[in-house]
Amino acid sequence: MKIIHYPHPTLRYKSKPVTRVNQELKEIVREMFQLMYQARGIGLAANQVDLPLQLFVLNISGNPEEGEERVFINPVISAPKGQAEAEEGCLSLPEVEGTVLRPEKIHVSAFDLSGTEIDETVDGLLARAIQHEFDHLNGVLFIDRISESVKRNIDGQLYEFENHFNALVKSGEIPSVDANNKRLAEIEAKFCS
Ligand code: ZN
């Protein structure tokens, strides 16, 4: 398992609800936390490790020794309130940063890994991180939510990611979109049916 980068097609895939939490899924979650900490992130969505599942992990301290490790399965966001602007980055777009305007406060419901219901109103960094990861599950990236002027500043970086990706497709290191969809469907059959 590894973190995939923009513009990999799985990052644009709409993830499916998880219906089966088994030992294999628990191991996937464990590995997602490890990859997130290694990359110095505070959140990681399943799409980012090439899995089409409605699931993300968070530890807003970014430190395995601190904070709280949270797992959100089949999350739903509601009741957005207020607005807040802050700089965001993404493990699928290393070194790219941009200011994103988001609701300041949200309600989130989901399940954790033990099947316990999550039902919380959150704000601040936690609310921002949950919205960023939730977006991933719908195939949305933070660069879709930045202003045109900020976008112009990072266009060169995005172009480099696209060039690199095209070279990987050409060399066969990244499968074709059809082959990728077939693989995602197999994973869905395992965890979402
Ligand atoms: Zn991200």
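This structure is a prediction, so every number in the text was calculated from the model and none was measured.

Enquirer: An account of the overall build of the chain is needed here, citing residue identities and associated values.
Expert: From N to C terminus, the chain includes 4 helices and 7 strands. Its helices and strands in sequence order give the chain the pattern α-β-β-β-β-β-β-β-α-α-α, from N to C terminus. Whereas a compact globule of 193 residues would reach a radius of gyration of roughly 16 Å, the chain reaches 16 Å, a difference of no more than 12%. Once the C-alpha set of the chain is aligned to its principal axes, its extents read approximately 45 × 40 × 30 Å. Across the 193 residues in the chain, those meeting the buried criterion constitute 44%.

Enquirer: Residues and numbers for the coordination of the zinc ion, please.
Expert: Where a metal carries four tetrahedral donors, each ideal angle is 109.5 degrees; where it carries six octahedral donors, the ideal angles are 90 or 180 degrees. Ligation of the zinc ion by protein atoms is provided by Cys90 (SG), His132 (NE2) and His136 (NE2), these donors lying 2.1 to 2.3 Å from the ion. Linear spacing of the donor residues for the zinc ion on their chain is C-x41-H-x3-H. Of the two residues, Cys90 is situated in the loop between strand S4 (84-88) and strand S5 (98-102) and His132 in helix H2 (residues 124-137); the sequence distance between them amounts to 42 residues. We note that Cys90, like His132, is buried.

Enquirer: I'd like to hear about the packing of aromatic side chains, residue by residue, with values.
Expert: For the structure shown, the criterion picks out 3 aromatic pairs. When the centroid spacing of 6.2 Å and the interplanar angle of 25° are considered together, the rings of Phe33 and Tyr37 count as stacked. Remark: Tyr37 and Phe33 occur in helix H1 (residues 23-38); sequence separation between them is 4 residues, near one turn of the helix. Neither residue differs from the other here; Phe33 and Tyr37 are each classed as buried. Seen in terms of ring centroids, Phe56 and Phe72 are 5.0 Å apart; in terms of plane orientation they differ by 20°. Their pairing is stacked. Of the two residues, Phe56 is situated in strand S2 (residues 55-58) and Phe72 in strand S3 (residues 70-81); the sequence distance between them amounts to 16 residues. We classify Phe72 as buried; its relative accessible area is 0%.

Rules behind the numbers
- Residues numbered from 1 in each chain as written.
- Predicted model: local features only at pLDDT ≥ 70, side-chain atom pairs only at ≥ 80, totals over all residues.
- Heavy atoms only, no water.
- Helix = DSSP H or I, 4+ residues; strand = E, 2+ residues; numbered from the N terminus.
- Rg over C-alpha atoms; globule rule 2.2 N^0.38 Å.
- Buried < 20%, exposed > 50% of the residue type's maximum accessible area, 1.4 Å probe, protein only.
- Donors = N, O, S within 2.8 Å, 3.2 Å for Na, K, Ca; no water.
- Phe/Tyr/Trp six-rings, centres within 6.5 Å; stacked < 30°, edge-to-face > 60°.

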